[in-house]
Amino acid sequence: MYKPLRIGFIGAGNMAFGIAKGMLSGNVLPVNIKVSAPSSRNMKRFQEVGISVTHSNAEVVCGSDVVFVAVKPHLVRLVLSEISQYVTKKHIVVSVAAGVTLSVLEELLPENSIVIRLMPNLPCLVQEGALLFTRGANAKQEHGDVLRSLLHCCGLVEEGPEAWIDIHTGLSGSGVAFVYLFAEALAEGAVKMGMPSSLAHSIASQTVLGAGRLLRDSGKHPAQLRSEVCTPGGTTIYGLHTLEQGGLRASVMSAVESATERARELGSK
Amino acid sequence: MSVGFIGAGQLAQALVRGFSVAGVIATHRITASSPDTELPTVQQLRKMGVNFTTSNKETVNKSDVLFLAVKPHIIPFVLDEIGPDIEDRHLIVSCAAGVTISSIEKKLQQYRSSPKVMRCMTNTPVVVREGATVYATGTHAEVEDGKLLEQLMASVGYCTEVEEDLIDAVTGLSGSGPAYAFLAVDALADGGVKMGLPRRLAVRLGAQALLGAARMLLDSEQHPGQLKDNVCSPGGATIHALHVMESGGFRSLLINAVEASCVRTRELQFLADQEKISSAAIKKTTLDKVLQQPGVTAETVSVRNRGISMFNSSNPKIKKN
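Computed from a predicted structure; not experimentally measured. (Residues numbered from 1 in each chain as written. Chains lettered and ligands numbered in written order. Predicted model: local features only at pLDDT ≥ 70, side-chain atom pairs only at ≥ 80, totals over all residues. Heavy atoms only, no water.)

The subject of this paragraph is the nonpolar core. Residues and elements named next belong to chain A. Within the largest apolar cluster, 33 residues are counted, with the highest numbers of intra-cluster contacts made by Ile7, Phe9, Ile19, Met23, Phe68, Leu118 and Leu151. Among the elements that line this core, the one with the most residues is helix α1 (residues 14-24), at five residues. For Phe9, the contacting residues outside a window of four places in its chain are Ala16, Ile19, Ala20, Met23, Ile33, Lys34, Val35, Ser36, Val60 and Phe68. (Core = buried A, V, L, I, M, F, W, Y, C linked by side-chain atoms within 4.5 Å. Buried < 20%, exposed > 50% of the residue type's maximum accessible area, 1.4 Å probe, protein only. Helix = DSSP H or I, 4+ residues; strand = E, 2+ residues; numbered from the N terminus. Contact = heavy atoms within 4.5 Å.)

What follows is the structure in structure tokens.
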């Protein structure tokens, strides 16, 4: 008889909630999800969608096939030490903790544990995340496939070697903040030119969203899309020239570089 | 069909060389004239079998398609000189940057009611048949005239018709473009030399890299941004170099350069339209030589004490048709 996968979350923060919501809009039933956290603070939103909650991490591990470790990075060691005794060869342990490497995770869990490291990003909250996962020593292709099938409604899901996780952090984890900065600046430019702030902000966010969707869905290279918007001698090329003079491209490349290097630094501590 | 060049400098030489290699016209059917017989380009033209003369009138009489290949500020003198000899068959093609079709037509209409004028902007690589040429058609030029010019210029590279108001932008981009490329190759070669390559090899490789990339781009449907991506392996050498270029504002530099060249072209045209250039602005030797030509007098080229009028159409000595 077909047994549906049981999903557990240790930690009830934003990332856990975003991923859980994504799963629910896929083919996972709320009854098959359980969440644990020390305080009841964040539990209400899970309960509202039919997910059961507990204060016992052990209960979550024993009652799940796939366990998401969604606590803050500095709590990971503590949590894994606690639950290690309950983790079996059948479990898939998925960590979303930034900077905690596969080798650290595997060291804290029983030998031969199936471990996957996942780096999501904030827009998982609205099922438009960019998620990159990397498989530990004992995680096979089919374990990756299980994770993919659980996460596909959270956004874009890709696999890669562990070395790419830090780059993904810089690009897409921090990248979200870079986009917010850009959107804020767009709005301020409009305010400077005379538009009321709240209107400028809502138009700026829609502009970013719309451009993003076109970029993702058109399959075209961003340079191609950019060229298509630029009428000869028109407004866009004038604005772009100003951006180029401001060295925006180089700044953005450097920003991704800085964030990636910091992720590497943090991961090596 | 015969082709004539008023002016026997770099442009005339480059076009003649290109036409000759392309086989689109035999050099003995080409005439070129200049007051200065000492120019190195004159020797080259003679060597190629072109009929060289010091008389612009002779060039006009022997040609059907007449290229005005002199510096912009010389154009008005030339037009006044050859105006009386222009016939219905003549197609006047001005290659002078910033000189408008209407200013040329206005001048020639003192002598002929419907002068056939075209304006083209080409560039030096016509000499190796890789020119970039655009042309605009004047009021009285026919469709066949455009086709004829296009046939000639397409034999030495890319050629297309445009609206006249785009020619300044073309000047900024492909007119000046080869200079940007020479600068780039020179600097790339410096980079090569710095990293240990012998100069000759560095120049050769730099030029070939640009040539090859341009060929790939012209042959491809893809956006240059995509082609750039195709060269950049993750974490590799090229992407590191590109970051350096972006940090240096490479893209905006190029945009600024094209803009500066285009703006300067417009400025020069504006100065010309103002119809006033000081005689000091015109090389005295050139003017003297122009004045030495048979049939040319100071009155016919409207030299006045207070300055030289570029497009004075009120000279009483010129008979109207």
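Across the boundary between the two partners, chain A contributes 13 residues, which contact 13 residues of chain B. For the pair chain A and chain B, the two sides together bury roughly 1,200 Å², of which 59% comes from carbon and sulfur. Of all residues in chain A, the largest losses of buried area upon contact with chain B belong to His221(A), His241(A) and Met253(A), amounting jointly to 41% of the total for that side. On the surface where chain A and chain B come into contact, there are zero salt bridges. (Buried area = accessible area lost by both parts, 1.4 Å probe. Salt bridge = Lys/Arg side-chain N within 4 Å of Asp/Glu carboxyl O.)

Let us look at the domain arrangement of chain B. For chain B, the assigned domains are domain 1 (3-163) and domain 2 (176-248). One C-alpha centre belongs to domain 1 of chain B, the other to domain 2 of chain B; they are set 35 Å apart. (Domains from an automatic or database assignment.)

Residues and elements named next belong to chain B. One pass over the structure, following the stated rule, counts 28 salt bridges over all chains. Between Glu130 and Arg215 there is a salt bridge, with its nearest N and O atoms 3.7 Å apart. With Glu130 in the loop between β6 (116-121) and β7 (131-137) and Arg215 in helix α9 (residues 199-219), this residue pair connects regions lying 85 residues apart in the sequence. Given a relative accessible area of 48%, Glu130 falls into the partly exposed group. Of the residues examined, Arg215 reaches a relative accessible area of 38% and is grouped as partly exposed.

A word on the sheet that holds β6(B). Residues and elements named next belong to chain B. Taken together, eight strands build an open sheet; the order of strands is β3-β2-β1-β4-β5-β6-β7-β8 and the sheet is mixed. On the outer flanks of this sheet lie β3 (51-53) and β8 (157-161), each paired with one strand and no other. Sheet twist, expressed as the average angle between the axes of neighbouring strands with direction ignored, equals 20 degrees. Here strand β2 (residues 30-33) runs beside β3; their pairing, made up of three bridges, is parallel. Within the sheet, the bridge partner assigned to Thr31 lies in β3 and is Asn51. Where helix α4 (residues 75-82) meets the sheet, it contacts β1 (3-6), β4 (65-68) and β5 (91-94), and its direction lies at approximately 150 degrees from that of β4. Contacts from helix α7 (residues 167-175) reach β6 and β7 within the one sheet, and its direction differs from that of β6 by about 40 degrees. (Pairing = 2+ DSSP bridges. Axes fitted to C-alpha atoms, helices over the stretch in contact; angles between N-to-C directions.)

This next bit is on the packing of aromatic side chains. Counted under the stated rule, the structure contains four aromatic pairs over all chains. Both rings, one in Phe9(A) and one in Phe68(A), keep their centres 4.9 Å apart while their planes meet at 15 degrees; by these two values the pair is stacked. A residue pair is termed long-range when its members are at least 10 positions apart, and Phe9(A) in strand β1 (residues 7-10) and Phe68(A) in strand β4 (residues 66-69) qualify at 59 residues. The exposure classification of Phe9(A) matches that of Phe68(A), with both residues buried. Of the aromatic side chains, those joined through ring pairs into one cluster are Phe5(B), Phe19(B) and Phe67(B). (Phe/Tyr/Trp six-rings, centres within 6.5 Å; stacked < 30°, edge-to-face > 60°.)

Take the sheet that holds strand β7 (residues 129-135) of chain A next. Residues and elements named next belong to chain A. With respect to topology, eight strands assemble into an open sheet ordered β3-β2-β1-β4-β5-β6-β7-β8, the strand pairing being mixed. Two strands in the sheet have a free side with no partner beyond their single neighbour: β3 (52-54) and β8 (155-159). With direction set aside, neighbouring strand axes in the sheet form an average angle of 25 degrees. With four bridges connecting them, β1 and strand β2 (residues 33-36) associate as parallel partners. Counted as the bridge partner of Ile7 is Ile33 from β2. Packing of helix α6 (residues 141-151) onto the sheet brings it into contact with β1, β4, β5 (92-95), β6 (114-119), β7 and β8, and relative to β7 it is tilted by some 165 degrees.

Residues and elements named next belong to chain A. UniProt annotation of "binding site: NADPH" (unreviewed entry) refers to Asn57 when read in the numbering used here. For Asn57, the location among the structural elements is in helix α3 (residues 57-62). In contact with Asn57, other than residues within four places in its own chain, are Ile10, Ser36, Glu82 and Ile83. (UniProt positions renumbered as here; feature names shortened; annotations may be inferred.)

Position of Met43(A) relative to the elements: it lies in helix α2 (residues 43-48). When near neighbours in sequence (up to four residues on either side) are disregarded, Met43(A) contacts Ser36(A), Ala37(A), Val53(A), Thr54(A) and His55(A).

With that settled, consider the packing of α7(B) against helix α8 (residues 177-194) of chain B. All names here are of chain B. Close contact between α7 and α8 brings their axes to 5 Å; oriented N to C, the two are set at 25 degrees. Overall, the two elements α7 and α8 adopt an arrangement that is roughly parallel. Where α7 approaches α8, its residues Gly172, Leu173, Ser174 and Gly175 are matched on the opposing element by Gly177, Pro178 and Tyr180. For the contact of α7 with α8, the per-class residue count stands at three nonpolar, four polar and no charged. (Parallel < 35°, antiparallel > 145°, perpendicular 65-115°, else oblique. Nonpolar A, V, L, I, M, F, W, Y, C, P; charged D, E, K, R; others polar.)

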